[in-house]
Amino acid sequence: MNLLTIIISTVFVNNFVFARFLGTCPFLGVSNKMETATGMGIAVTFVTTLAGIITYIIQKYILDLLGLGYLQTIVFILVIASLVQFVELFIKKMSPTLYNAMGVYLPLITTNCIVLGVAILNIQEGLNLIETIVNSAGAALGFFLALVLMAGIREKLEIADIPEALTGFPIALVAAGLMSIAFQGFAGLI
Amino acid sequence: MNETLKLGLVLLLVCAISGGVLAVSNSITAPIIAEIEKEGSMGAFGEFFPEADDMVAVDEALLADIMSNNSFIKEIYEVKKGEEIIGYAFKTVSNGYGGDIVAVSGFNMDGTIAGIKVVEHGETPNLGGKIEEEPFRGSFTGKNSANELVPSEAPSADNEVLLISGATVSTKGVLAGINGAREAFVDNFLN
Amino acid sequence: MNLFKIFKNGIFNENPVLVQLVGLCSVLAISNNAKNSLGMGLSVIFVLVCSNFVVSLIRKFTPDKIRIPIFIVVVATFVTMVEMFMKAFLQPLYQALGIFLPLIVVNCIILARAESFAYTHNPLESIVDGLGMGLGYTLTITILAIVRELIGAGTFFGIPLFGENFKPAAVFVAPPGAFILLAIFIALFKIISKKKATD
């Protein structure tokens, strides 16, 4: 598969939030402010790409060789959980500035289904290492894009006059629905 | 240090128990899954050739040769009844509106299409998604494979199949793959 | 605590989807088809009840510092078991749920119940809590799916209802419809529970 096609596909056409519904919880949870959205976006991109590479190596060189494919889910989630912990410790030591920017979002990432979802999809679709890296980064960037766009909209929504029952979460979902329609327009692109 | 060691041991124990439980359930389910997967790969084609009793992948060198000038083809099988080859089955991948369309198709040795089936796609439900369903699927069955298949709102000629209204790109996507299989069949296998 | 109250809590007062707003990924993705939604719901109930039970059972021996990794292992074990048995005995459902089956592991409902309920309650209460929460999830996703299917495809559990001339609003089975309908559901639920509170 062409690498450019993978990027366009994961960021726009099959955007993980709008078309595949992965990462919807943090997408709606942290998209109310532009600043938090950016921090979360960076953290997710970083962890997803790293997790994609590591899980790929584990699958190819440990699970497949030992015939333990059925342990995939449990091994992957443990890898991701420890990776997140490790990254948190590492960044805290190395760069306090970076830690301030994305530190608080790191613990939330373990349960972000994009990370585990992409790791499993990479294997299922039989991608090679380079494609895995591009696919993971693309998926996370798609999430990042969705998050930032949404934050922009929600900052405006705060001052809009909305029926009481729809305030907060429901109206954010409606906005997400409309954006999802917009993203469907990319479908003919590849 | 002592505490870390203890925590590590507890975690290891939990993982070991879970691994044991999973190994047991795997040993129960693995043979059944293997059986189903074998049937599954036959299943899609089995529909087209109810009489068939065996399917054999064609020679790898031949497949590589065909794939080198036909980008749609992914897999080719000889369909056999006893020793006699009664048809060929193809798996193709082509571009649709929402990504790859994976289709399987079967061709009889008299040159007619035994049937097609879209097994995987990302088309819009109820629009392009209709490529999975009748009457689209059925409009291929029995058609002659000698000429290129073309879409039509009301198929009548021997090379016309149904154009799903509102889903031209999806229809043409499927057609591209099936035409690829058809070409490979006529050029290589139909005497 | 009264068992019935715990049970009801999961379905109404603290409905995981409509009130706690967790586990939305699978709700949005699977609810385009009522049959699959029911299958997904039952899988979640199974995992939730089992993991709640086990977590509660071992809560006294679980070191506080590593409880989260232990919860994750417990949940992942049950999810993998569901995956295996579904693959072996319910192949079509397994294929329809796809990636969302292993993703039950990171479904926040399950970890949240382990952490906030099962870890501090006895096994019986934990099972009942798992049943209630799971049922709350299942009811929500299934009802959402029935509505989406009805408007978006004109079918009820796959059975066509309106004859051939019915032109369904396909957008409702597509992703945008999922977001918008769920928004309406949450808003309606808010109105109903508010009315109840003032009565």
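Residues numbered from 1 in each chain as written. Chains lettered and ligands numbered in written order. Predicted model: local features only at pLDDT ≥ 70, side-chain atom pairs only at ≥ 80, totals over all residues. Heavy atoms only, no water.

K.L.:
Give me the lowdown on the layout of surface pockets, citing residues and values where you can.
P.N.:
Taken as a whole, the second largest pocket encloses approximately 670 Å³ of empty space. Taken together, 26 residues form the lining of the second largest pocket, with Pro 107, Leu 108, Thr 110 and Thr 111 of chain A together with Ile 68 of chain C sitting closest to its centre. Of the residues assigned to the lining of the second largest pocket, the class counts are 15 nonpolar, six polar and five charged. (1 Å grid on protein atoms, 1.4 Å probe; cavity = no way out; pocket = protein on both sides within 12 Å on 5 of 7 lines; lining within 4 Å. Points joined across faces, edges and corners; volume = space filled by probe spheres on them. Nonpolar A, V, L, I, M, F, W, Y, C, P; charged D, E, K, R; others polar.)

K.L.:
Let's hear about the UniProt feature "transmembrane region" (unreviewed entry) in chain A: which residues, and what values?
P.N.:
All names here are of chain A. Annotation from UniProt places "transmembrane region" (unreviewed entry) at residues 6-30, 37-58, 70-91, 103-121, 133-153 and 165-187. Helix makes up 100% of residues 37-58 and strand 0%, with an end-to-end C-alpha separation of 31 Å. Taken end to end, residues 70-91 is 91% helix and 0% strand, and its first and last C-alpha atoms sit 33 Å apart. (UniProt positions renumbered as here; feature names shortened; annotations may be inferred. Helix = DSSP H or I, 4+ residues; strand = E, 2+ residues; numbered from the N terminus.)

K.L.:
I'd love a proper account of the UniProt feature "modified residue: FMN phosphoryl threonine" (unreviewed entry) in chain B, names of residues and values included.
P.N.:
The feature "modified residue: FMN phosphoryl threonine" (unreviewed entry), as given by UniProt, occupies Thr 168 of chain B in the numbering adopted here. Note that Thr 168 of chain B resides in helix H3 (residues 168-188).

K.L.:
How would you sum up the UniProt feature "domain: FMN-binding" (unreviewed entry) in chain B? Please name residues and give values.
P.N.:
The feature "domain: FMN-binding" (unreviewed entry), as given by UniProt, occupies residues 96-185 of chain B in the numbering adopted here. Overall, residues 96-185 of chain B shows 20% helix and 26% strand. The separation of its end C-alpha atoms is 22 Å.

K.L.:
I'd love a proper account of the packing of aromatic side chains, names of residues and values included.
P.N.:
Under the defined criterion, the tally for this structure stands at 18 aromatic pairs over all chains. Each ring, one from Phe 21 of chain A and one from Phe 179 of chain C, has its centre 5.5 Å from the other, and the planes form 50 degrees; the classification is tilted. Within this pair, whereas Phe 21 of chain A is found in the loop between helix H1 (3-13) and helix H2 (24-29), its partner Phe 179 of chain C is found in helix H8 (residues 175-198), the two belonging to separate chains. Each of the two residues, Phe 21 of chain A as well as Phe 179 of chain C, counts as buried. Ring geometry for Tyr 88 of chain B and Phe 189 of chain B: centres 4.0 Å apart, planes at 20 degrees, overall stacked. Here the residue Tyr 88 of chain B occupies a position in strand S3 (residues 84-95), and Phe 189 of chain B occupies one in the segment after H3, the gap between them amounting to 101 residues. Looking at Tyr 88 of chain B, the relative accessible area reads 6%, which means it is buried. Ring pairs connect the aromatic residues Phe 12, Phe 18, Phe 21, Phe 27, Phe 183 and Phe 186 of chain A together with Phe 179 of chain C, which therefore count as one cluster. The ring of Phe 16 of chain A has Arg 20 of chain A sitting right over it, with the charged end atom 4.8 Å from the ring centre. (Phe/Tyr/Trp six-rings, centres within 6.5 Å; stacked < 30°, edge-to-face > 60°. Buried < 20%, exposed > 50% of the residue type's maximum accessible area, 1.4 Å probe, protein only. Lys NZ or Arg CZ within 6 Å of the ring centre and 35° of its normal.)

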